[in-house]
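Residues per chain are reported as follows:
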Amino acid sequence: MFLSGVIEGFYGRAWSGAQRVEMLDWIGAAGMNTFVYGPKDDIKIRARWRETYTAAEAAELQKLVDAAAVRKQQFFVAIAPSLDVVYSDASDVDALARRIDQLLGLGVRHYVLLFDDIPRTMRDEDVAAFGTLAAAQAAFANAAFRYLRSKAPDGMMLFCPTEYCAAFVGHDVAGSGYLQEIGQKLAPEIGVFWTGPDIVSETISADSLREIGGVLRRKPVIWDNFHANDYDIRRVYAGPLGGRGDDILPLIDGLITNPNNEFEANFVAVRTTGALAGGGYDEAAALSEALGAWRERFRLASSNATVSEEHIRLLAELCYQPFRCGPEVEGLLATAKGLMAEHRPDTRRPEWQAGYAAIVGLRDRIRALFEQMTELENRDLFYAFNQYLWEAREEVTHLVAYLGWLNERPAADALFPAKQRVYNFYRHGFTVGVQELLKRDAEGRFHHGA
Ligand code: GDL
């Protein structure tokens, strides 16, 4: 079965039960079939993986299992024994079996074993028993899988390897002894997650999937971090899935997105992931379709109207993809750069004035969007973007102020602003201090000093 859908697999505050049920609806409406419950925030998934869920926690999960069953969605629960498991200790296999038993009792038939983001070190007894991490993990997962199948003959299992992207193996997947051994030793029925060339992959090519598929001896299931934002809380992504074409579909066994922490920000992510999984992917068309379907959620508190289609598109343009803004906003940034190409441009030129007017127009649209968002009935949708839009508004206002100053044709040695002022939106603190120590050049390389 080709698995398509969503994994709640990020670090940080997890979604609520009600949001997960809503996510099941989004997944279905996007033509997809799978939800993986795996928030790093659920301490029973990682740190306390040996414990079973309390009655109250189990009751919450039960609701989700039932909601998925009604919607005919495949529902997976993740368990990450990876931090302190003793692979060679039979009592740890038993602990996992107890978890599976409890979850089977709730109707959970599908599982993910996570071995991502763990130290590569092994205990002495595991080295003695297995020799390598891959052999130890494969034996552990195979034992869990055999147990699952003895209880649930149709149960599915997915495995997230410790080396889950090409960057972790120096972009030489064929040269990774770990991946080769996982390919050889992991039961062939267990699916293997893969995030592509990187943790957050700008592109995933068919060739790269052919290669990793050969090494793993099975088609990988893509764990797509394209819309994930837990690694940078200042950004949120509401643009279409990009950098992957539907030529990857025959080379994978699934496409599962691990999206933004902010639940409400994920509508376009889910919808366009579904469009790609469905085949015949056209990024721009998928975005338009998604924005149209999303609009319903943008109801204003003061009237029955919604935020306008143009403003919702602007929101997506500003919060587009991890590696770029939307095409219109990218164009306007290029325009702004052109306006500042010279130290003192001749602002009387009509092209300069036209460019300046376009940036002023952008500022006004961002301000209007910001104002409308504050009036949303759906407060979670507002919170999902508020911080980002606040910054966007401040920065673009600042840019317009600077361009306005240039437009006044100041003397060659004049400084902006005329008076010393510390803007609120300039970041301070530790991370800024560290970033200033290592400057990034135009090629993306880092340099110290001067
Ligand atoms: C990761 C983590 C994931 C996190 C993502 C984005 C995998 C397999 N694991 O490395 O939990 O959300 O990066 O930061 O992707």
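Residues numbered from 1 in each chain as written. Predicted model: local features only at pLDDT ≥ 70, side-chain atom pairs only at ≥ 80, totals over all residues. Heavy atoms only, no water.

Okay, the site of the ligand next. In the neighbourhood of the ligand, 15 residues make up the surrounding shell, with Gly 9, Asp 116, Tyr 164, Asn 225 and Asp 230 lying closest. A distance of 3.2 Å separates an oxygen atom of the ligand from a polar atom in the side chain of Trp 223. Residue Asp 230 places a side-chain N or O atom 2.5 Å away from an oxygen atom belonging to the ligand. For the ligand, the protein covers 95% of the area, taking 360 Å² as the surface of the free molecule. (Near = heavy atom within 4 Å. Polar contact = N/O pair within 3.5 Å; in protein donor to acceptor, adjacent residues only side chain to side chain. Areas by Shrake-Rupley, 256 points an atom, 1.4 Å probe, with all protein chains shown as cover.)

Let us now look at the state of the cysteines. Counted according to the given criterion, the structure contains zero disulfides. The thiol of Cys 319 is unpaired, and the distance to the nearest cysteine sulfur, on Cys 325, comes to 8.9 Å. (Disulfide = S-S within 2.5 Å.)

Let us look at helix H9 (residues 283-294). The end-to-end C-alpha distance of H9 is 16 Å, a good match for the 16 Å that twelve residues give at a rise of 1.5 Å each. Of all the residues in H9, the buried ones are Ala 286, Leu 287, Ala 290, Leu 291 and Trp 294. For H9, the buried positions fall inside an angular range of 130° around the axis, keeping them on one side. Looking at the buried positions of H9, the neighbouring elements they touch are helix H8 (267-278), helix H10 (309-318) and helix H13 (379-407). For H9, the N-terminal cap is Asp 282; the gap from its side-chain oxygen to the backbone nitrogen of Ala 284 is 3.1 Å. (Helix = DSSP H or I, 4+ residues; strand = E, 2+ residues; numbered from the N terminus. Expected span 1.5 Å × (residues − 1). Buried < 20%, exposed > 50% of the residue type's maximum accessible area, 1.4 Å probe, protein only. Arc of directions from axis to C-beta. Contact = heavy atoms within 4.5 Å.)

Next up on the list: the packing of helix H2 (residues 55-70) against helix H3 (residues 90-106). With their axes 9 Å apart at the nearest point, H2 and H3 run at an angle of 55° to one another. Judged on the interaxial angle alone, H3 and H2 are oblique. Considering only the axes of H2 and H3, their crossing is right-handed. Across the interface between the two elements, Ala 58, Leu 61, Gln 62 and Val 65 of H2 pack against Gln 102, Leu 103 and Leu 106 of H3. Here the residues of the contact of H2 with H3 are counted per class, giving five nonpolar, two polar and no charged. (Axes fitted to C-alpha atoms, helices over the stretch in contact; angles between N-to-C directions. Parallel < 35°, antiparallel > 145°, perpendicular 65-115°, else oblique. Left-handed = near helix turned anticlockwise from the far one by under 90°. Nonpolar A, V, L, I, M, F, W, Y, C, P; charged D, E, K, R; others polar.)

With that settled, consider the side chain of Arg 244. Relative to the elements of secondary structure, Arg 244 occurs in the loop between strand S7 (221-224) and strand S8 (254-257). Polar side-chain contacts of Arg 244 include one of 2.7 Å to the backbone oxygen of Ser 201. One polar contact links Arg 244 to Asp 224, side chain to side chain, over a distance of 2.7 Å. Every residue in contact with Arg 244, bar those within four places of it in the chain, is listed here: Ser 201, Glu 202, Thr 203, Ile 204, Asp 224, Phe 226, Leu 276 and Tyr 281.

This part covers a nonpolar patch on the surface. Together, Leu 437, Leu 438 and Phe 446 make up a nonpolar patch on the protein surface, roughly 340 Å² of accessible area in all. In this structure, Leu 437 sits in helix H14 (residues 430-437). A relative accessible area of 58% places Leu 437 in the exposed class. (Patch = residues over 30% accessible without salt bridge, like charges linked within 9 Å, V, L, I, M, F, W, Y side chains within 5 Å. Salt bridge = Lys/Arg side-chain N within 4 Å of Asp/Glu carboxyl O.)

Keep in mind that these numbers describe shape and distance, not what the molecule does.
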